[in-house]
Amino acid sequence: AQKVTQAQTEISVVEKEDVTLDCVYETRDTTYYLFWYKQPPSGELVFLIRRNSFDEQNEISGRYSWNFQKSTSSFNFTITASQVVDSAVYFCALSGNYGQNFVFGPGTRLSVLP
Amino acid sequence: DSGVTQTPKHLITATGQRVTLRCSPRSGDLSVYWYQQSLDQGLQFLIQYYNGEERAKGNILERFSAQQFPDLHSELNLSSLELGDSALYFCASSVEPLAGTTDTQYFGPGTRLTVL
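Below is a summary of the structure that appears in this document.

The rules behind these values
- Residues numbered from 1 in each chain as written.
- Chains lettered and ligands numbered in written order.
- Predicted model: local features only at pLDDT ≥ 70, side-chain atom pairs only at ≥ 80, totals over all residues.
- Heavy atoms only, no water.
- Helix = DSSP H or I, 4+ residues; strand = E, 2+ residues; numbered from the N terminus.
- Rg over C-alpha atoms; globule rule 2.2 N^0.38 Å.
- Buried < 20%, exposed > 50% of the residue type's maximum accessible area, 1.4 Å probe, protein only.
- Contact = heavy atoms within 4.5 Å.
- Areas by Shrake-Rupley, 256 points an atom, 1.4 Å probe, with all protein chains shown as cover.
- Lys, Arg positive; Asp, Glu negative; His and termini not counted.
- Charge placed at Lys NZ, Arg CZ, Asp CG, Glu CD.
- Pairing = 2+ DSSP bridges.
- Axes fitted to C-alpha atoms, helices over the stretch in contact; angles between N-to-C directions.
- Buried area = accessible area lost by both parts, 1.4 Å probe.
- Salt bridge = Lys/Arg side-chain N within 4 Å of Asp/Glu carboxyl O.
- Polar contact = N/O pair within 3.5 Å; in protein donor to acceptor, adjacent residues only side chain to side chain.

Notes on the overall build of chain B
Reasoning step 1: When helices and strands are counted, chain B shows zero helices and 11 strands.
Reasoning step 2: Starting at the N terminus and ending at the C terminus, chain B contains elements arranged as β-β-β-β-β-β-β-β-β-β-β.
Reasoning step 3: For 116 residues, the compact-globule estimate of 2.2 N^0.38 gives 13 Å, and chain B sits close to it at 13 Å.
Reasoning step 4: A buried classification covers 50% of the 116 residues belonging to chain B.
Reasoning step 5: Long-range contacts, defined here as pairs at least 24 residues apart, represent 56% of the contacts in chain B between residues at least 6 apart.
Reasoning step 6: In the form shown here, chain B has an accessible surface area of approximately 5,500 Å², with 47% of it arising from carbon and sulfur atoms.
Reasoning step 7: One finds the centroid of the 8 positive side-chain charges in chain B at a distance of 4 Å from the centroid of its 12 negative side-chain charges.

Considerations on the sheet that holds strand β8 (residues 74–78) of chain B
Residue and element names in this part refer to chain B.
Reasoning step 1: Pairing in this open sheet of four strands is antiparallel, and the strands run β1-β3-β8-β7 from one edge to the other. Two strands bound the open sheet, and with one partner strand each, they are β1 (5–7) and β7 (64–68). Sheet twist, expressed as the average angle between the axes of neighbouring strands with direction ignored, equals 15°.
Reasoning step 2: One ladder, built from five bridges, connects β7 with β8; its direction is antiparallel. Bridged to Phe64 within β8 is Leu78.

Focus on the interface of chain B and chain A
Reasoning step 1: In this complex, chain B contributes 18 residues to the contact, which on the side of chain A involves 18 residues.
Reasoning step 2: Summing both sides of the interface, chain B and chain A together bury roughly 1,500 Å²; the carbon and sulfur share of this comes to 61%.
Reasoning step 3: Taken together, the connections running from chain B to chain A amount to zero salt bridges.
Reasoning step 4: For the interface between chain B and chain A, the tally reads two residue pairs in polar contact (both at pLDDT 80 or more).
Reasoning step 5: Of all the secondary structure elements, the ones that give two or more residues to the side of chain B that touches chain A are β4 (31–38), β5 (42–50) and β6 (53–57) of chain B.
Reasoning step 6: Residue contributions to the side of chain B that touches chain A peak at four residues, all from β5 of chain B.

Examining the pairing of β6 of chain B
Each regular strand carries side chains that alternate between the two faces of the sheet.
All names here are of chain B.
Reasoning step 1: Sheet analysis places β5 next to β6, joined by four bridges and oriented antiparallel. By the bridge assignment, Gln48 is partnered in β6 with Ala56.
Reasoning step 2: Counted along the chain from β5 to the antiparallel partner β6, the turn is two residues long, and its residue Asn51 has a positive phi close to 50°.

Interpretation in functional terms is not warranted from these geometric data alone.
See below:
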């Protein structure tokens, strides 16, 4: 069965610090997809990124970057120079090749203090 | 505003009842996804449709059903409601079926269901 672990339940940082959110996954599929989502205090869900299992290139989008390492089954998310607006719950997720067996991790609550 | 609309925003009903949640995807989006978020179960994927056809199924109970209509809007029907069905139900849409493309997924604001 597919599983996503986000061992950090809550993280607090001070503004401008860098922070890394960990995501470890388990799957027997050779083709799969990994996702990150953000849920700010207002409650809406925001899609951040999708990465397929054949693309281990790191991705950078502004202050956000993602490190995918198949060798350690991890897909970690780093926010550089964090801002108060980054405060949210962040979910990592995993799906099979056609969207099947889609599972979310339990989420990491990030608080960025001014 | 993501362009995905969900109605109603809030719904309060009693155990044993049946409700219908509605989702209108962004204009041009062919894929619709349903998710449930509860305190007990966290975030769960329920079901995905693409252009009217079911594409992927998650932890959707037999008491729940969904469909995507020719105009691409989708409805999630929840029947024989139980207290544990109280949750926030999100709908999302994308142009393509997400897995396998570089598409982006957009979420609606959610429907908060309270079962008393």
